[in-house]
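What follows is each chain in one-letter form.
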Amino acid sequence: QSALTQPRSVSGSPGQSVSISCTGTASDVGAHNYVSWYRHQPGKAPELLIHALSRRASGVPDRFSGSKSGITASLTISGLQAGDEADYYCCFSEGSYPWVFGGGSKLTVL
Amino acid sequence: QVQVAESGGGVVQPGGSLRLSCAASGFIFSDYGMHWVRQAPGKGLEWVAFIGNDGKKEYYLESVKGRFAISRDNFKDTLYLQMNTLTTEDTAVYYCVKDPGRDGWSYFDHWGQGTLVTVSS
């Protein structure tokens, strides 16, 4: 299982939409929808945003959405807010060993 | 509500040992698998170990196999991580994380705040 590739940083202005990519291979992301997304704000516990590619976790606003094209999954945040600044991580697992994270993307709200 | 709280972090010399604990509350601990995930300084998240709800299934990151041992006490609602032969590469914040299922699902649904382990001479 290879690591997933994410951009180190992304940015957007308040109110805009931003997408964070997560690139795997044809045998993992390309073949299955077992992609999850997490937000990690400094000093806080990471939190689940999306699982099974596009299912929002309980309490997560519909500004957050997940999708996939080929071997690349994406997290899209619409109506960007200052409070969205954080590190975002994707993860892939088929429901058993191993669980593999992307390198993380730092979102800056300009 | 679901809560997991880590403890036991600290400073340890290379080659030393440390045991982390994670107290769980707000859910039936014995019904769910549990993980440890870590984050080294300036690095991303890295999954470390998993244990099934009844303790019979265990998985480890290749680099910690034979050095780390995950265990649980379903009577005390507590998860453990015994870390031996520590190296500076093990320096990280260690998170206790709940799995949505018994034997390992594809994602993590609740995370603790983490405990810092520093391996340094």
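Above this text sits the structure in question.
Because the structure is predicted, anything quoted here is derived from the model rather than measured.

Could you clarify how one ought to interpret the state of the cysteines in this entry?
In protein structure, a disulfide is the covalent linkage between the sulfur atoms of two cysteines. By the definition in use, this model includes two disulfides over all chains. The residue that forms a disulfide with A:C22 is A:C90, at a sulfur-sulfur distance of 2.1 Å. Classification of the bridge connecting A:C22 and A:C90 rests on its S-S torsion, roughly 80°, and on that basis the disulfide is right-handed. With A:C22 in strand β2 (residues 18–23) and A:C90 in strand β8 (residues 86–92), this residue pair connects regions lying 68 residues apart in the sequence. Assessed through its relative accessible area of 0%, A:C22 is described here as buried. Between B:C22 and B:C96 runs a disulfide, and the two sulfur atoms are separated by 2.0 Å. Since a negative S-S torsion denotes a left-handed disulfide, the B:C22-B:C96 link at about -70° is left-handed. Taken as a pair, B:C22 in strand β3 (residues 18–25) and B:C96 in strand β9 (residues 92–98) lie far apart in primary sequence, 74 residues in all. Just as B:C22 is buried, B:C96 falls in that class too.

Is there a simple way to think about the side chain of A:D28 in this case?
All names here are of chain A. Counting through the fold element by element, D28 comes out in the loop between β2 and β3 (35–40). Comment: no salt bridge for buried D28; closest opposite-charge side chain is K68, at 8.7 Å. Within the structure, D28 has its side chain in polar contact with the backbone nitrogen of T25 (distance 2.7 Å).

Explain the sheet that holds strand β6 (residues 64–69) of chain A here, please?
Consider a sheet: its strands pair through backbone hydrogen bonds, and that pairing is either parallel or antiparallel. All names here are of chain A. Judged by pairing direction, the sheet is antiparallel, and its three strands sit side by side in the order β2-β7-β6 without closing on themselves. Each edge of the open sheet is held by one strand with a lone partner, namely β2 and β6. Shown here is a sheet whose adjacent strand axes are inclined to one another by a mean of 20°, direction ignored. Across six bridges, the pairing between β6 and strand β7 (residues 72–77) is antiparallel. Its bridge partner lying in β7, S69 is registered against T72.

Definitions and cut-offs
- The residue count restarts for each chain, going from 1 along the sequence in the order it is written.
- Written order determines the labels here, with chains lettered from A and ligands numbered from 1.
- Reporting of local features is limited, given that this is a predicted model, to residues whose pLDDT is at least 70; pairs of side-chain atoms are given and counted only at 80 or more, and all residues count toward the totals for whole chains, interfaces and linings.
- To obtain the side-chain values, all non-hydrogen atoms of the structure were included, while hydrogens and water were left out.
- Two cysteine sulfur atoms form a disulfide, by the criterion used here, when they sit within 2.5 Å.
- Put simply, DSSP H or I for four residues or longer makes a helix, DSSP E for two residues or longer makes a strand, and each gets a number counted from the N terminus.
- Whether a residue is buried, partly exposed or exposed follows from its accessible area with a 1.4 Å probe, protein chains only, as a fraction of its type maximum: under 20%, in between, or over 50%, in that order.
- Just so you know, the count uses Lys and Arg for positive and Asp and Glu for negative, and it drops His and the chain ends.
- Here, a salt bridge means any side-chain nitrogen of Lys or Arg that lies within 4 Å of a carboxyl oxygen of Asp or Glu.
- What qualifies as a polar contact is a pair of N or O atoms within 3.5 Å, subject to a donor-acceptor requirement within protein and to the restriction that residues adjacent in sequence count only when both atoms come from side chains.
- DSSP-based pairing: two strands are paired if at least 2 bridges between them are found.
- Angles shown run from 0 to 180 degrees and are taken between the N-to-C directions of axes, each axis being a line fitted to C-alpha atoms and, for helices, limited to the stretch in contact.

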